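Commentary on secondary and tertiary structure
Now for the letters of each chain:
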Amino acid sequence: MAASTSVVSVATAGATVPGVSSSADFSDLREIKKQLLLIAGLTRERGLLHSSKWSAELAFSLPALPLSELQPPPPLTEEDAQDVDAYTLAKAYFDVKEYDRAAHFLHGCNSKKAYFLYMYSRYLSGEKKKDDETVDSLGPLEKGQVKNEALRELRVELSRKHQARGLDGFGLYLYGVVLRKLDLVKEAIDVFVEATHVLPLHWGAWLELCNLITDKEMLKFLSLPDTWMKEFFLAHIYTELQLIEEALQKYQHLIDVGFSKSSYIVSQIAVAYHNIRDIDKALSIFNELRKQDPYRIENMDTFSNLLYVRSMKSELSYLAHNLCEIDKYRVETCCVIGNYYSLRSQHEKAALYFQRALKLNPRYLGAWTLMGHEYMEMKNTSAAIQAYRHAIEVNKRDYRAWYGLGQTYEILKMPFYCLYYYRRAHQLRPNDSRMLVALGECYEKLNQLVEAKKCYWRAYAVGDVEKMALVKLAKLHEQLTESEQAAQCYIKYIQDIYSCGEVVEHLEESTAFRYLAQYYFKCKLWDEASTCAQKCCAFNDTREEGKALLRQILQLRNQGETPSTDTPGTFFLPASLSANNTPTRRVSPLNLSSVTP
C-alpha cells in the first residue's frame, strides 16, 4: 500500500489536534504509539470505553516512549472552558450509568465534546431502558417489539447537524450507530465511511462498518482512507467473512512490522484458526495467550468451544472456575460455564447459563447460537429455531446459526426449508465439507440426485472432515446401479481411512468391504474378492456374509473357474491391504460447471 503524506486532524471541542497522521505505512512506530495514546484519551473522555481499551492495548504492545516525546493533552478551547463544569459533572454521572442525569446537565452545551456526551447519554439511556424491558417482561427468547424510543429524535437532531457539517468524527460515529439501529443500513455505511475519513484512529467506527459488510464485493466498493488503521480493519473483516487465508496474511504482516506483543492480534489469529477448524493450532495459541494475559476474558468463550470439541473436560472445568473467580457476571464467563455443563450432558443447566449471558447482553451472538444447540439437544425445536433466528438477526454472517436452522428443519422433515438454510450456510463457508454433505443429503431426499452427487464430490474435493462424503456418493451410485463408480468411491474411502494413520472406528468400513467383495466377485477377481471378504470377517455385521463369500470363492477355484482378464474398470486395494501397490483410478469428475448449490 502506497504511503500517503496527508494529515487528518482530530476535531475536538471545536479545535483541531495536530499530529494525527493517516499515513498508510508502519515505518514510524513511535508516531503510531503517540496517535494510539492520544485516541485512547479522546475516546475515554467521551465514554467510548471499548475503543479506548483497544487503543490502549495496542499502544502497550509497542516500545515505551521517552518523557520528551510524550504528548500533552489537547488544549482547551473557549467553548470547552465554558462547558467544563457541566461536562465534568455529567461525565461523573455518565461513568456511574446515570445517563438521563448526565444528559440533563449537558443540555445546551456548545462544545463538540460535551455535545457528543449529551447525545451519547440519551442514546445509552434508551438502550438501557429497552434492554431492561426486554429482560423483565419478555425473557430472552421472546421476539417482542421493544425499541429504543430515543432513536428517532436522535436521528432528526444528528441529521440536521450533519447537513450543517457540524459533526466531528465522534458525532459521525454516533449518527451511524443510530442509523444502523433504525435499519437504515445504506445510510449508516456512508456515514461510517465518512467517520473513518474524518477520524481514522477511532476503532469503534471501523468495527461498526465491519458489522454491516456482508461480502467481499461490498468491501471492494467502499472508499476507505489510506491509513495504517485500514490494515487492522481488513484483517478483522477478512476473519468475519471467513477469508481466513487473507486474514492470517494481514495479521502476520502486522506482527512483522512491530505488533508481535499485541494480545489483540494473537487472539484474532487464534479465532481465525478456530474458524478453519485447525483446532490444535488454535488451542496452542489460546494457551500461550492465557500465559501472557491470565486475566483476559475476551474470546475465552471461543477457547471453550475448542475445548468442548476436543472433549477436554478437566481443562474446560479449570477455565470455567478461573473465569468465575475473575468475573462471574461477564457474558463470556456464562458461555464458558454453559459449554462445561453441555459437555457433561446437563443441557438444562447449560441453557440456563446461556440465558443468563443474554440477560447481560441480549445482542451477544455466541450465546444465541449455543442456546440453539442446547434446545436441539433437548429436542425443543421451536425454541431452537427462535434462538437461531435471533443469532441471525444479530449477525447474518453466522454460518452456525444458518446450519443449526437447517438441522432443526431436517428433524421436522421439511426438506425445502432445510435446503434454503444449508445453502445459506454453504455460501458463508464454501469450503466446509459439513455444509456440502448436509446439502447433498437434502437433495437426495428431494430426489435431485445429480445435485446430490455434485455436493458429495465437492465435499470430498475440499477435504472431507467427517470422512462420509465418499460413502454417501458410493451409496448414491449403488442406488443408480452405477457399480463401477460406486466401487471407485468405496476404494478411495478405504484408501483415505487407512492412509490417515489414525486408529479410528469408521462405521461404514464394513459396508465398503462388503460391497467391494461382492463387486470383485461379480468381476471374477478372486484375489481381490477374497481379501475384501476376509476384511468383512473382522466386523460383526458382515462376518457371516464374508465367510459365505470365501466359501464360494474356494468352491469356484476348486472347480477350475479362471479369473476374468477383460473386466471393465479393474481396481486394486491399498498397499496396506493387498500386495498390489497399484493406485486406484479416481472417480470420474462430475460436471461442476454449474455453481455448486
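Cut-off values and rules
Residues numbered from 1 in each chain as written. Predicted model: local features only at pLDDT ≥ 70, side-chain atom pairs only at ≥ 80, totals over all residues. Heavy atoms only, no water. Helix = DSSP H or I, 4+ residues; strand = E, 2+ residues; numbered from the N terminus. Buried < 20%, exposed > 50% of the residue type's maximum accessible area, 1.4 Å probe, protein only. Core = buried A, V, L, I, M, F, W, Y, C linked by side-chain atoms within 4.5 Å. UniProt positions renumbered as here; feature names shortened; annotations may be inferred. Patch = residues over 30% accessible without salt bridge, like charges linked within 9 Å, V, L, I, M, F, W, Y side chains within 5 Å. Areas by Shrake-Rupley, 256 points an atom, 1.4 Å probe, with all protein chains shown as cover. Salt bridge = Lys/Arg side-chain N within 4 Å of Asp/Glu carboxyl O. Contact = heavy atoms within 4.5 Å. Expected span 1.5 Å × (residues − 1). pLDDT = per-residue confidence, 0-100. Axes fitted to C-alpha atoms, helices over the stretch in contact; angles between N-to-C directions. Parallel < 35°, antiparallel > 145°, perpendicular 65-115°, else oblique. Left-handed = near helix turned anticlockwise from the far one by under 90°. Nonpolar A, V, L, I, M, F, W, Y, C, P; charged D, E, K, R; others polar.

Comments concerning unusual backbone geometry
In the Ramachandran plot, K97 falls in the positive-phi region, its phi being about 65° despite a non-glycine side chain. Topologically, K97 is positioned in the loop between helix 3 (78-95) and helix 4 (99-106). What makes K97 exposed here is its relative accessible area of 55%. In this structure, N299 takes a positive phi of about 70° despite not being glycine. Checked against the element boundaries, N299 lands in the loop between helix 14 (279-292) and helix 15 (300-309). The buried category is assigned to N299, whose relative accessible area is 18%.

Things to note about the nonpolar core
Residues Y123, L158, L209, W228, F232, F233 and I237 are the most contacted members of the largest nonpolar core, which totals 187 residues. Looking at which element gives the most residues to this core, the answer is helix 5 (residues 112-138), with nine residues.

Side note on the UniProt feature "repeat: TPR" (unreviewed entry) in the chain
The positions UniProt marks with the feature "repeat: TPR" (unreviewed entry) are residues 331-364 and 365-398. Here residues 331-364 is 79% helix and 0% strand, with 8 Å between the C-alpha atoms at its ends. Across residues 365-398 one finds 79% helix and 0% strand; the C-alpha atoms that close the span lie 8 Å apart.

Overview of a nonpolar patch on the surface
Where nonpolar side chains cluster on the molecular surface, the patch consists of L37, L67 and L70 and spans about 310 Å² of accessible area. Here L37 is to be found in helix 1 (residues 29-45).

Side note on the environment of K396
Among the secondary structure elements, K396 is positioned in the loop between helix 20 (381-394) and helix 21 (399-411). Put simply, K396 and T214 are 182 residues apart on the chain and 7.8 Å apart in space, counted from C-alpha to C-alpha. When sequence neighbours within four positions are dropped, the list of residues in contact with K396 reads W402 and L428.

A word on the pattern of salt bridges
Working definition: two side chains of opposite charge can pair if their charged atoms are close together. This structure, assessed with the given rule, holds 29 salt bridges. For E441, the salt bridge identified is with K472, shortest N-O distance 2.8 Å. Highlighted residues: E441 in helix 23 (residues 433-445) and K472 in helix 25 (residues 469-479), separated in sequence by 31 residues. Taking relative accessible area as the criterion, E441 reaches 22% and is therefore assigned partly exposed. Here the residues in one salt-bridge network are E127, K130, K181 and R363, joined through shared partners.

With respect to the side chain of D496
Its place among the elements puts D496 in helix 26 (residues 483-499). Sequence-distant contacts of D496, that is, excluding residues within four places in its chain, are made with Y460 and L470.

Some details on helix 19 (residues 365-377)
For helix 19, spanning 13 residues, the distance from its first C-alpha to its last is 19 Å, which sits close to the expected 18 Å at 1.5 Å a residue. When you tally the buried positions in helix 19, you get eleven out of 13 residues, the bulk of the element. When helix 19 is considered as a whole, its buried residues turn out to be L365, G366, A367, W368, T369, L370, M371, G372, E374, Y375 and M376. Packing partners of the buried residues in helix 19 comprise helix 15, helix 17 (331-343), helix 18 (347-360), helix 20 and helix 21.

Quick word on the environment of R543
Summarising the element assignment, R543 is placed in helix 29 (residues 543-558). Its relative accessible area of 28% is what places R543 among the partly exposed residues.

Some words on the confidence of the model for the chain
Mean pLDDT for the chain: 84, with 86% of residues reaching 70 or above. Residue range residues 137-144 is modelled with pLDDT below 50. Its contacts to residues more than four positions away, or to other chains, number 18 contacts. Note that pLDDT drops below 50 for residues 574-597; the model gives that stretch 46 contacts with residues more than four away or on any other chain.

Some thoughts on the packing of helix 15 against helix 16 (residues 313-327)
Between helix 15 and helix 16, whose axes approach to 9 Å, the crossing angle comes to 160°. With respect to each other, helix 15 and helix 16 are oriented roughly antiparallel. Helix 15 and helix 16 meet at a crossing whose hand is left-handed. Contacts from M300, F303, S304, L307 and Y308 of helix 15 reach helix 16 at E315, L316, L319 and L323. Here the residues of the contact of helix 15 with helix 16 sort into seven nonpolar, one polar and one charged.

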